[in-house]
Structures are given as structure tokens and as C-alpha cells.
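Residue-level structural notes
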Amino acid sequence: MARNKIALIGSGQIGGTLAHLVGLKELGDVVMFDIVEGVPQGKSLDIAQSSPISGFDAVMKGTNSYEALDGADVCIVTAGVPRKPGMSRDDLLSINLKVMEQVGAGIAKYAPDAFVICITNPLDAMVWALQKSSKLPAKKVVGMAGVLDSARFRYFLADEFNVSVEDVSAFVLGGHGDSMVPLVRYSTVAGIPLPDLVKMGWTSQGRIDEIVNRTRNGGAEIVNLLKTGSAFYAPAASAIAMAESYLRDKKRVLPCAAYLSGEYGVKDMYVGVPVVIGSKGVERIVEIELSGKDREGFDKSVVAVQTLVDACKKIAPDLL
Ligand code: A3D
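About the cut-offs
- Residues numbered from 1 in each chain as written.
- Predicted model: local features only at pLDDT ≥ 70, side-chain atom pairs only at ≥ 80, totals over all residues.
- Heavy atoms only, no water.
- UniProt positions renumbered as here; feature names shortened; annotations may be inferred.
- 1 Å grid on protein atoms, 1.4 Å probe; cavity = no way out; pocket = protein on both sides within 12 Å on 5 of 7 lines; lining within 4 Å.
- Helix = DSSP H or I, 4+ residues; strand = E, 2+ residues; numbered from the N terminus.
- Buried < 20%, exposed > 50% of the residue type's maximum accessible area, 1.4 Å probe, protein only.
- Contact = heavy atoms within 4.5 Å.
- Near = heavy atom within 4 Å.
- Polar contact = N/O pair within 3.5 Å; in protein donor to acceptor, adjacent residues only side chain to side chain.
- Areas by Shrake-Rupley, 256 points an atom, 1.4 Å probe, with all protein chains shown as cover.
- Sits in = over half its atoms within 2 Å of the grid points.
- Domains from an automatic or database assignment.
- Axes fitted to C-alpha atoms, helices over the stretch in contact; angles between N-to-C directions.
- Parallel < 35°, antiparallel > 145°, perpendicular 65-115°, else oblique.
- Left-handed = near helix turned anticlockwise from the far one by under 90°.
- Pairing = 2+ DSSP bridges.

Identification of the protein as Malate dehydrogenase from Afipia carboxidovorans is taken from an unreviewed UniProt entry. The record held by UniProt for the protein lists under Sequence similarities (unreviewed entry) the comment "Belongs to the LDH/MDH superfamily. MDH type 3 family." The record held by UniProt for the protein lists under Catalytic activity (unreviewed entry) the comment "(S)-malate + NAD(+) = oxaloacetate + NADH + H(+)".

Here we take up the UniProt feature "binding site: NAD(+)" (unreviewed entry) in the protein. Under the UniProt annotation, "binding site: NAD(+)" (unreviewed entry) lies at Gly10, Ser11, Gly12, Gln13, Ile14, Gly15, Asp34, Asn96, Ile119, Thr120 and Asn121. For the largest pocket, the lining residues among the annotations just cited are Gly10, Ser11, Gly12, Gln13, Ile14, Gly15, Asp34, Asn96, Ile119, Thr120 and Asn121. Here Gly10 lies in the loop between β1 (5-9) and α1 (13-24). For Gly10, a relative accessible area of 5% gives the class buried. Ignoring sequence-local partners within four residues, the contact set of Gly10 consists of Gly15, Phe33, Asp34, Thr78 and Ala79. Looking at where Ile14 falls in the secondary structure, it is placed in helix α1. Ile14 sits in the buried class, given a relative accessible area of 15%. The contacts of Ile14, once residues within four sequence positions are left out, are Thr78, Ile119, Ala231, Phe232, Pro235 and Ala236.

Taken together, the neighbourhood of the ligand is formed by 27 residues, with Gln13, Ile14, Asp34, Gln102 and Ile119 sitting nearest. With respect to the ligand, the backbone of Gly12 contributes an N or O atom lying 3.5 Å from an oxygen atom. For the ligand, an oxygen atom lies 3.3 Å from a polar atom in the backbone of Gly80. When the ligand is considered free in solution it has 870 Å² of accessible area, and contact with the protein chains removes 89% of it. The cavity where the ligand resides is the largest pocket. Of all the secondary-structure elements, those providing two or more residues to the shell around the ligand are α1 and α3 (93-110). Here the shell around the ligand spans two domains, and each of domain 1 (5-144) and domain 2 (146-311) adds at least three residues to it.

Interaxial distance between α1 and helix α2 (residues 39-54) falls to 10 Å at its minimum, and their mutual angle equals 30 degrees. In terms of their interaxial angle, α1 and α2 are classed as roughly parallel. In this structure, α1 crosses over α2, and the sense of that crossing is right-handed. Side by side, α1 and α2 meet where Gln13, Gly16, Ala19, His20 and Leu24 of the first sit next to Lys43, Ile47, Ser50 and Ser54 of the second.

Once that is clear, we can look at the sheet that holds strand β7 (residues 168-169). In spatial order, the strands read β7-β10-β11; together these three strands make up an open sheet with antiparallel pairing. If you trace the sheet from one side to the other, it starts and ends with β7 and β11 (192-193), each paired once. With two bridges connecting them, β7 and strand β10 (residues 188-189) associate as antiparallel partners. Of the residues in β10, the one forming a bridge with Val168 is Val189.

So, in C-alpha cells, the structure goes:
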């Protein structure tokens, strides 16, 4: 059986980590693309040279030409500029919107059957722009954010309870960033919801609130520590989980920025919701009932995404 082809558009911090993970997990051959000459070529050669030691077989190719994307099964897009300290994800909007238009055209021409995962920030608006500019079916274009946000939540909870991360599941909805909505009552340790763990004396409501806040600011915490860029190991691992679910038809239920056409009362927008990812792309949108504070938080988050999408429409009216 021929190997899958995975195109990484953007070969920076996340792109390089993605290529390494694709190799280690033997998901397929890799094409690394970037506008900077030498970077995708150098990183792919370096990773290829690690393959005899790590024990994987994969073609690793670096390129500055969209042609090399030809026939890719999965495209993971990180092209653009990351946040610097003091810069919000929204400041990135106009720069990265232009990048999405170029990348969308390249994917449309050379990889129209691919499953496309967008990581570039501001995520919910960029994935929308990427789908519009590539014109690929909406179920084949998703944004990575929820897997990362929920992984952060899971990690902090596992640390709090001193239990394995494997036994903690977490549920995060809404847009990526400060408006994300971690759903405490759907987050569990071995199936026990967090409010029950508070009743059992494992932790206090105050500590849960602190962890929720830390999760919301998870990206900024790392930006402030690194000073020269944003998180890349966990974002890359998150996108790989999504790509793997598609390529291996695992049908995992993962929180992703998905195109909504009426679900959750939202139309023509990408918002973070749980979806089933299988060989057809987004095979199902899981619509849970929201009430009270959760609904309020979700609606607020939708308004934040809408503002960004409206700004995109203003800058690039031809995207519609
Ligand atoms: P970085 O290491 O700067 O890599 C970006 C790469 O994109 C660089 O190598 C650039 O040369 C390249 N690039 C710029 N313009 C183009 C273009 N027009 N075509 C092709 N390549 C181009 O950044 P990074 O890898 O750390 O982050 C990539 C993106 O992911 C940024 O927008 C981040 O803000 C975003 N990000 C999102 C999350 C989410 O959870 C959604 C988390 C972390 C980072």
C-alpha cells in the first residue's frame, strides 16, 4: 500500500515538530513547504537523517514550490506569523489573512482532495478564510484549537489530582483564546465529573476556577515564557491526533473549529465544537445542549469569532 502524503505548509516551529511526529508515528511521507528558502529543505533533511536511529521509513522533502503539494492526502497549515509578547491573536489578522489566500489557492490547485487542518492564528477566522479561498468542502477543512485547549486543561487537572493524564478527559467549546469555554461538568477523571470530585473533597471550586483560567491563558503563559514565539510541541501533537483520526478512519470525537451551518444556532462560521473525524473528514458535529453560564460563554465566544470574520470580510470582500 502506498504511503500517505502529508503536506506541511509553513515550516517554522510547529511545521518542524509536525514533520518529526509524522516520521515517528509513521503516518506517511512529508512535504515541508515554506516561502523561506532553505528552511524546509534543511529541516526535512535533518529529520530524514534521524530516521535510521528512530527507525522509520518516510520520504522527507523540503520545497518552496506549491507544485510539490501535488496529491497530498493531508495539508496542515501553519504558514504565517506567530504572536509576540504583548500582541493579541487578533493583531495577526490582516497579515495572516493574506497568507491564507495564497495557501488556499495553492491547496485548491494541487491538493483539492486533501483533509486540511489549519493552525494559523487567529484560528477561527483563518480557518474560515482558508475554506473560502480554497473552496474545498467545509467538512474537509478544520481548525486545530480545541484538542490543544482541552489537552492543557487535562494536563493541569491531572497535575492537580496527581493522576494519569490518560484518565482525565476534558471538554472545551467555543473560539480559541480568551473566549474558550471549558465545560467543567463534562470534564471527568475516569468518568467522575469535576463537580462530583469537588463534593468528594479532591479539590475545591476555587482551584477548579484557577485551572479554568490558566487553561484560557495557556497560550499566553507560554508566549510570555518563550519571549520569541508561541507554543509548538503541544499544538503540533494536537494536529497530528486530528490527522491520524482522518488517515486511519479512527472516528475520534475531538473538539475542533468546524464549519457550522445552523448547529448551535450558528451559520457560516467556524467555532470550536466536538466533531467526529473519520475518512470523510468531519463526519458528524456533536451538538450538546447548553444552558446557563455555558450557553452564555459559548454565545460570547461566537460574537468574538464573528467580529474577526467580519473584519476578514472587510479586508477581503472577494473571499465570500
Ligand atoms: P513560525 O515558527 O514563525 O512558523 C511560521 C512559518 O510560516 C515560518 O517559517 C514562515 O516563513 C512561514 N510563512 C510565512 N508566510 C508564509 C507564506 N505566505 N507561505 C508559506 N509559509 C509562510 O510559527 P509557529 O510554527 O510557531 O506558528 C505558526 C502559526 O500557528 C502562527 O500563526 C501561530 O500563531 C499559530 N499557533 C496556533 C495555535 C493554536 O492553538 C491555534 C497554537 C500555537 C501557534
